[in-house]
Amino acid sequence: MYLTPQHILLAGASGLTGEHLLDRLLNEPTVTRVLAPSRKPLAEHPHLENPVGDPAVILPQLTGRVDIAFCCLGTTIKQAGSEAAFRAVDLDLVVAFAKRARDMGARHLIVISAIGADPKSSIFYNRVKGEMEEVLKAQDWPQLTIVRPSLLLGERLEPRLAEQLAGPLSRLIPGKYHGIEVCELARAMWRLALEEQDGVRVVESDELRKLGK
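Residues numbered from 1 in each chain as written. Predicted model: local features only at pLDDT ≥ 70, side-chain atom pairs only at ≥ 80, totals over all residues. Heavy atoms only, no water.

You'll find the protein chain entered in an unreviewed UniProt entry as Oxidoreductase, with Pseudomonas azadiae given as the organism.

Take a look at the structure:
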């Protein structure tokens, strides 16, 4: 069964995937409102509401009903500056956003995690992503879709060296570890948002590439 969502809440709209997803949402005829809080102003659009400021301050102030929430929040330990600062974004802020979205009426959350996410992983990054997934599952969403993309392929305003070095190689790796274009990921997330099914669904990168074609 397919939904026709009209009111969308989007976190991370200024990021690589978030930018592509926001553009898609604003060009969808069924979407009449996109609420996208951000630290910096986004380009203006008749259907876009863009509260600007500190997410911790903005989240409690968000108002209005939303149908579906997308969470594209994420950073790196290098960008964040420490493991604690990374956890504050990729775990704490994601969880706070999800809770606020649920309070605003959203019944479906689509969230970007990462390939290899595992709360018991010895790799800090994967462990935090896995912990985030477990907390969101415990929020008891009617519908929760967790997407686990491989290396994201696309042009960032602030390039990440690791992605620049690994990008060409990731295009040659088969299966779910093959790199994924951010435009494909954005298309896949929108298609997943239109599907109505109860419970938790985890979508790995190879399936995301197929959905995003």
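Here the narrative resumes, following the displayed structure.
Of regular secondary structure, the protein chain possesses eight helices and nine strands. Out of the 213 residues belonging to the protein chain, those deemed buried represent 48%. Within the protein chain, counting contacts between residues at least 6 apart in sequence, those at least 24 apart form 69% of the total. Summed over all atoms, the accessible surface of the protein chain reaches about 10,500 Å², with 55% contributed by carbon and sulfur. (Helix = DSSP H or I, 4+ residues; strand = E, 2+ residues; numbered from the N terminus. Buried < 20%, exposed > 50% of the residue type's maximum accessible area, 1.4 Å probe, protein only. Contact = heavy atoms within 4.5 Å. Areas by Shrake-Rupley, 256 points an atom, 1.4 Å probe, with all protein chains shown as cover.)

In this model, helix α4 (residues 83–103) (21 residues) spans 29 Å end to end at C-alpha, consistent with the 30 Å of a helix rising 1.5 Å per residue. Of all the bends in α4, the greatest measures close to 30° and is centred on Asp92. Of all the positions in α4, only Phe86, Asp90, Leu91, Leu93, Val94, Val95, Phe97, Ala98 and Ala101 are classed as buried. The inward-facing, buried residues of α4 abut β1 (7–11), α2 (55–58), β4 (68–71), α3 (77–80), β5 (108–112) and α5 (124–138). (Expected span 1.5 Å × (residues − 1). Bend = angle between axes of the 7 residues up to and from the residue.)

Among the structural elements, Pro119 can be located in the loop between β5 and α5. Of the residues examined, Pro119 reaches a relative accessible area of 33% and is grouped as partly exposed. Among all residues touching Pro119, those that are not within four sequence positions of it are Arg127, Gly130, Glu131 and Glu134.

Between two aromatic rings, the relevant description is the distance of the centres plus the angle of the planes. Going through the model one piece at a time under the given rule, you end up with two aromatic pairs. With a centroid separation of 5.8 Å and an interplanar angle of 55°, the aromatic rings of Phe86 and Phe124 are classed as tilted. Here Phe124 lies in helix α5 and Phe86 lies in helix α4, a separation of 38 residues in the sequence. On the accessibility criterion, Phe86 (0% relative accessible area) is buried. Ring geometry for Phe86 versus Tyr125: centroids 5.5 Å apart, planes at 40°, classification tilted. Separated by 39 residues along the polypeptide, Phe86 in helix α4 and Tyr125 in helix α5 bring together distant segments of the chain. By relative accessible area, which is 33% here, Tyr125 ends up partly exposed. Linked through ring pairs, Phe86, Phe124 and Tyr125 together constitute an aromatic cluster. Taking the ring centre of Trp141 as reference, the NZ or CZ of Arg102 above it sits at 5.5 Å. (Phe/Tyr/Trp six-rings, centres within 6.5 Å; stacked < 30°, edge-to-face > 60°. Lys NZ or Arg CZ within 6 Å of the ring centre and 35° of its normal.)

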